[in-house]
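Take a look at the letters that make up each chain.
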Amino acid sequence: MAILTLTIDGEQLSANDDETLLEIARQHDIAIPTLCHLEGLSDVGSCRLCLVEIEGSQKLFPACTTRAQEGMVVRTKTERLQRNRRMIIELLASEGNHQCAVCVVNNHCELQNLAYEVGLTHTRYPYLYPKKRLDASHPDFIIDRNRCVLCTRCVRVCHEVEGAHVWDIAQRGIHCEIISDMDQPWGTSPSCTSCGKCVLVCPTGALIAKGENVAEMEKKTDFLKYIVTARVKREWINTDGEE
Amino acid sequence: MKPRVATVWLGGCSGCHMSFLDMDERLIELAGRMDLVYSPIADVKEFPRDVDVTLVEGAVTNDENEEMAHIIRRNSRFVVSFGDCAVSGNVTALRNGFDKEDVLRRAYVELADVDPQIPRDHPTIAELMAKARPLHEIIPVDAFLHGCPPTADQIWFAVSELLEGRMPAFSPVYLRYG
């Protein structure tokens, strides 16, 4: 592991060469919006919200999957990036049913918070109003694909943390959807352990617990850090949050 | 002359107008600062000309709403999408995943207690559009007031700013969906 120096938003920082730009930025309180990223899961760079500019390249790079290099000059808040981020949220909004007023996670939703963050006043793209499948066959949980943003956190937490790999993605492009096992009703899935991790890590109201009403459900993802720390460091974080 | 203000109720539940009335005694102050020239709470039949600010509640969900939207735009200097249905379609647009005829059958035949029939073929009955649309997909809109419904404080802020001739710069406190 080597120490290197780079610049983010005009600030000279030192970092380890195995760290991503997102990790480094967050260590120094430089805010970069994310949606598919979740501490404790692998990064896939799919939501594109964390795209940053790197001097010397016309291309934009996802901060969550780009490693720091010596002398890198990174910008995270240019007008072009802010415009792109707002566009991404608008595209997500227009692609599904993201009507907050009738959502179980209203006021506790990462997509809703991102919309505030990018200053979304309205969606300039025509709404598609697709009719995606809702599956309430599981005794405790529901998946409403109309509210899914395809971040794949559920796929990753089920595969990487629970080890069950119930969830995956089927189809391509705009037809992509999350499926359970061999695209069968969730309630009939032989691999699902009903642990509920997918529900907790879902950033929107796509995966929800039964019996919750509008704006009633608040998701907590901090359970991940206990499991991941125990696995990686062979240590248990005590309940005060001290390692 | 005081600014001329209109409020219109398209495809919505009137909750945004209820929230407007929730401004309580501030309404008395508003009455001194503006003329309400058209509104569901004022008995005016035709949308007037030369309106300064129009608040539009609801999505555009039938042909009457659509015609009204164009009348509003032609006659208003400043049009505000008033509440989530006007901004994004919201609850009114939840039917959009279904076929229009299925929606009508469900509402007027399957769920009817007496005399099941779909009301249509009469000049006073508006024809449902295939999809409910947010207002800005039909006409250009100048400002967006979120919420289901927007709170009385939000409405007070927006209307006060507009009456002073300022474009309301919504702070994050007033940017809230749902």
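Residues numbered from 1 in each chain as written. Chains lettered and ligands numbered in written order. Predicted model: local features only at pLDDT ≥ 70, side-chain atom pairs only at ≥ 80, totals over all residues.

Trainee: Let's hear about the sheet that holds strand β1 (residues 3-8) of chain A: which residues, and what values?
Mentor: Residues and elements named next belong to chain A. One open sheet accounts for 5 strands, arranged β2-β1-β5-β3-β4; its pairing is mixed. Two strands lie at the open edges of the sheet, namely β2 (11-16) and β4 (60-62), each paired on one side alone. For this sheet, the mean angle separating the axes of adjacent strands, direction not counted, is 40 degrees. In the sheet, strand β3 (residues 51-54) pairs with β4 via 3 bridges, with the strands oriented antiparallel. Considered in β4, the bridge of Glu53 is made with Leu60. (Pairing = 2+ DSSP bridges. Helix = DSSP H or I, 4+ residues; strand = E, 2+ residues; numbered from the N terminus. Axes fitted to C-alpha atoms, helices over the stretch in contact; angles between N-to-C directions.)

Trainee: Break down the sheet that holds strand β7 (residues 143-145) of chain B for me, citing the residues and quoting the values.
Mentor: Residue and element names in this part refer to chain B. In space, the 5 strands of this open sheet follow the order β2-β1-β3-β5-β7, with parallel pairing throughout. Two strands close off the open sheet at either side, each with one partner strand: β2 (35-38) and β7. Along the sheet, successive strands turn relative to each other by an average axial angle of 30 degrees, direction set aside. Here helix α6 (residues 152-163) sits on the sheet and contacts β3 (51-57), β5 (76-82) and β7; the angle it forms with β7, its principal contact strand, is near 160 degrees. (Contact = placed C-beta atoms within 7 Å.)

Trainee: Now, about helix α4 (residues 153-162) of chain A: what can you tell me, with residues and values included?
Mentor: Among the residues of α4 of chain A, those classed as buried are Arg153, Cys154, Val155, Arg156, Val157 and Cys158 of chain A. Looking at the buried residues of α4 of chain A, the elements they touch are β8 (167-170), β9 (177-180), α5 (197-201) and β10 (207-209) of chain A. (Buried ≥ 20, exposed ≤ 12 C-beta atoms within 10 Å, placed from the backbone.)

Trainee: So what about the pairing of β3 of chain A? Which residues, and what values?
Mentor: Residue and element names in this part refer to chain A. As consecutive antiparallel partners, β3 and β4 are separated by 5 residues, and within that stretch Gly56 has a phi angle of approximately 95 degrees, a positive value. Bridging between β3 and strand β5 (residues 73-75) involves 2 bridges; their strand directions are antiparallel. Bridged to Ile54 within β5 is Val74.

Trainee: Give me the nonpolar core: which residues, what numbers.
Mentor: Leu21, Cys50, Ala63, Cys154, Cys198 and Leu207 of chain A are the most contacted members of the largest nonpolar core, which totals 60 residues. Counting only domains with at least three residues in this core, you end up with domain 1 (3-77) and domain 2 (83-233) of chain A. Beyond its immediate stretch of four places on either side in the chain, Leu207 of chain A contacts Phe141, Ile143, Cys154, Cys198, Val199 and Cys202 of chain A. Residues Ala6, Ala86, Leu135 and Ala143 of chain B belong to the second largest nonpolar core, which totals 36 residues. (Core = buried A, V, L, I, M, F, W, Y, C linked by C-beta atoms within 7 Å. Domains from an automatic or database assignment.)

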